[in-house]
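Here is how the chains run, residue by residue.
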Amino acid sequence: TARNTVDTGFLLMINNIKKFEPFIGREKLHTTLKMIIIRSELSTNTDWENKNWESYSKILTKKYSSFAEEALFDIKTINFQSEKKWSKYAETIEEYLLKHSLSNSQLNEFAWTIFSNCPDRNILKKALKWSKMSFTSQKIVEPGFIDTYANLLYKVGRKNEALKWEMKAQRIAVENGADKN
């Protein structure tokens, strides 16, 4: 089992991706390799405060090529969240969204993290945008994602709107079989 980027299993997989994909599946393999990279980088690098992100990006690209950009994004968001640097956290997400998409769950998670931890109104408004993106493209709407949106609306002072969205989330939850209480 590969747990670190120096493990034989990791090295075999990353150097022979096309051979492993049929057995593991492309998405699962990609996710596994990315998580190993992130875990290894977070455990071996400790000076995140003074990290030059641009040069670090070049190092990651050289070491892990196609996994570098996603891994760097995750490492930065984890780092900025743990340091409570909400402006940099939001900026990292905004920059990533210019070139990439995030899953609805990821968008909701990032928005909820800001709601739960950040009082800055401008950053809350960014999270509000991510939150709305998390459920507007869903075929089957997740009421919890609408709940996040309602909470953010409330926190930025748009209380009447928040109440409407929260009621909508509750209605959808009940329609999906949730308890009315």
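Counting restarts for each chain, with residues numbered from 1 along the sequence as it is written. Where totals are concerned, whole chains, interfaces and linings use all residues; where local detail is concerned, this predicted model gives features only for residues with pLDDT of at least 70, and gives and counts side-chain atom pairs only at 80 or more. Calculation of side-chain values draws on the structure's entire complement of heavy atoms; hydrogens and water are dropped beforehand.

Help me out: how do you make sense of the environment of Ser82 in this one?
Structurally, the position occupied by Ser82 is in helix α5 (residues 68-82). In this structure, the C-alpha to C-alpha distance between Ser82 and Leu102, residues 20 residues apart in sequence, is 21 Å. Polar contacts here mean pairs of N or O atoms no more than 3.5 Å apart (in protein, one a potential hydrogen donor and the other a potential acceptor; neighbouring residues in sequence count only if both atoms are side-chain atoms). Within the structure, the side chain of Ser82 is placed 2.9 Å from the backbone oxygen of Asn79, a separation counted as a polar contact. Going along the chain from the N terminus, every DSSP run of H or I of four or more residues is numbered as a helix, and every run of E of two or more is numbered as a strand.

Sorry, what's going on with the packing of aromatic side chains here?
Given two aromatic rings, their pairing is described by the distance between the two centres and the angle made by the two planes. By convention, a stacked pair of Phe, Tyr or Trp rings (six-membered ring in the case of Trp) has centres within 6.5 Å and planes under 30 degrees apart, an edge-to-face pair has planes over 60 apart, and any other such pair is tilted. As enumerated under the stated definition, the model contains 11 aromatic pairs in all. By way of ring pairs, the aromatic residues Phe73, Trp86, Tyr89, Tyr96 and Phe110 are connected into one cluster. Any Lys NZ or Arg CZ that is within 6 Å of a ring centre and within 35 degrees of that ring's normal is treated as a charge sitting over the ring. Lys155 extends its terminal NZ or CZ atom over the ring of Phe115, reaching a point 5.1 Å from the ring centre.

Which parts of the structure should I look at to understand unusual backbone geometry?
What you tend to see is this: most non-glycine residues have negative phi, and most peptide bonds are trans. Notably, Ser65 is not glycine yet its phi reads approximately 30°, a positive angle. As for its position among the elements, Ser65 is in the loop between α4 (53-64) and α5. With a phi close to 55°, Lys84 is a non-glycine residue in the positive phi region. Note that Lys84 resides in the loop between α5 and α6 (86-99).

I'm lost on the layout of surface pockets in this one. Help?
Over the atoms rolls a probe the size of a water molecule, and its path tells where empty space is left. Roughly 410 Å³ of volume is contained in the largest pocket. What lines the largest pocket is a set of 17 residues, among which Lys34, Met35, Ile38, Asp74 and Gln106 lie closest to the centre. Where the lining of the largest pocket is concerned, the elements lending two or more residues are α3 (26-44), α5 and α7 (104-117). The element best represented in the lining of the largest pocket is α3, accounting for 7 residues. A per-class count over the lining of the largest pocket returns 5 nonpolar, 6 polar and 6 charged. Lining residues are those with an atom within 4 Å of a point, where the points come from a 1 Å grid over the protein atoms alone and group into cavities, where a 1.4 Å probe fits but cannot get out, or pockets, open sets with protein on both sides within 12 Å along at least five of seven lines. Grid points are joined across faces, edges and corners, and a volume is the space filled by probe spheres set on the points. Its boundaries defined by the atoms lining it, the second largest pocket holds a volume of some 270 Å³. Lining of the second largest pocket is provided by 14 residues; of these, Glu69, Leu72, Lys76, Glu95 and Tyr96 occupy positions nearest its centre. Looking at the lining of the second largest pocket, the elements that each hand over two or more residues are α4, α5 and α6. Three classes are used: nonpolar for Ala, Val, Leu, Ile, Met, Phe, Trp, Tyr, Cys and Pro, charged for Asp, Glu, Lys and Arg, and polar for all others, with Gly counted as polar.

Please clarify how the confidence of the model for the protein should be interpreted in this entry.
Low-confidence regions, as indicated by low pLDDT, have predicted coordinates that should not be scrutinised in detail. Overall, the predicted model of the protein reaches an average pLDDT of 91, with 96% of residues at or above 70. Per-element mean pLDDT across the protein ranges from 89 in α4 up to 97 in α7. Per-residue confidence from the predictor is reported as pLDDT, a score between 0 and 100.

Could you clarify how one ought to interpret the side chain of Ser131 in this entry?
Turning to its location among the elements, Ser131 is positioned in helix α8 (residues 121-136). Taking the relative accessible area as the measure of exposure, Ser131 reaches 0% and is therefore buried. Contacts are residue-level and defined by heavy atoms, with any inter-residue pair within 4.5 Å sufficient. For Ser131, the contacting residues outside a window of four places in its chain are Ala111, Phe145, Thr148, Tyr149 and Leu152. Burial classes: relative accessible area under 20% of the type maximum marks a residue as buried, over 50% as exposed, and values in between as partly exposed (1.4 Å probe, protein chains only).

Please explain the packing of α7 against helix α9 (residues 143-155) as it appears in this structure.
Between two packed helices, both the angle of their axes relative to each other and the distance between the axes serve to describe the pair. Orientation is described by lines fitted to C-alpha atoms, with helices fitted over the stretch in contact, and by angles between N-to-C directions that extend from 0 to 180 degrees. The N-to-C vectors of α7 and α9 enclose an angle of 30°; their axes lie 10 Å apart at closest approach. Here α9 runs roughly parallel to α7, going by the angle between their axes. When the axes of α7 and α9 are compared, the crossing they make is left-handed. Residues Asn104, Ser105, Asn108, Ala111, Trp112, Ile114 and Phe115 of α7 form the contact with α9, whose participating residues are Gly144, Phe145, Asp147, Thr148, Asn151, Leu152 and Lys155. Residue classes in the contact of α7 with α9 are distributed as 6 nonpolar, 6 polar and 2 charged. Each angle receives one of four descriptions, namely roughly parallel if under 35 degrees, roughly antiparallel if over 145, roughly perpendicular if within 65 to 115, and oblique otherwise. A clockwise turn of the near helix away from the far one marks a right-handed crossing, whereas an anticlockwise turn of less than a right angle marks a left-handed crossing.

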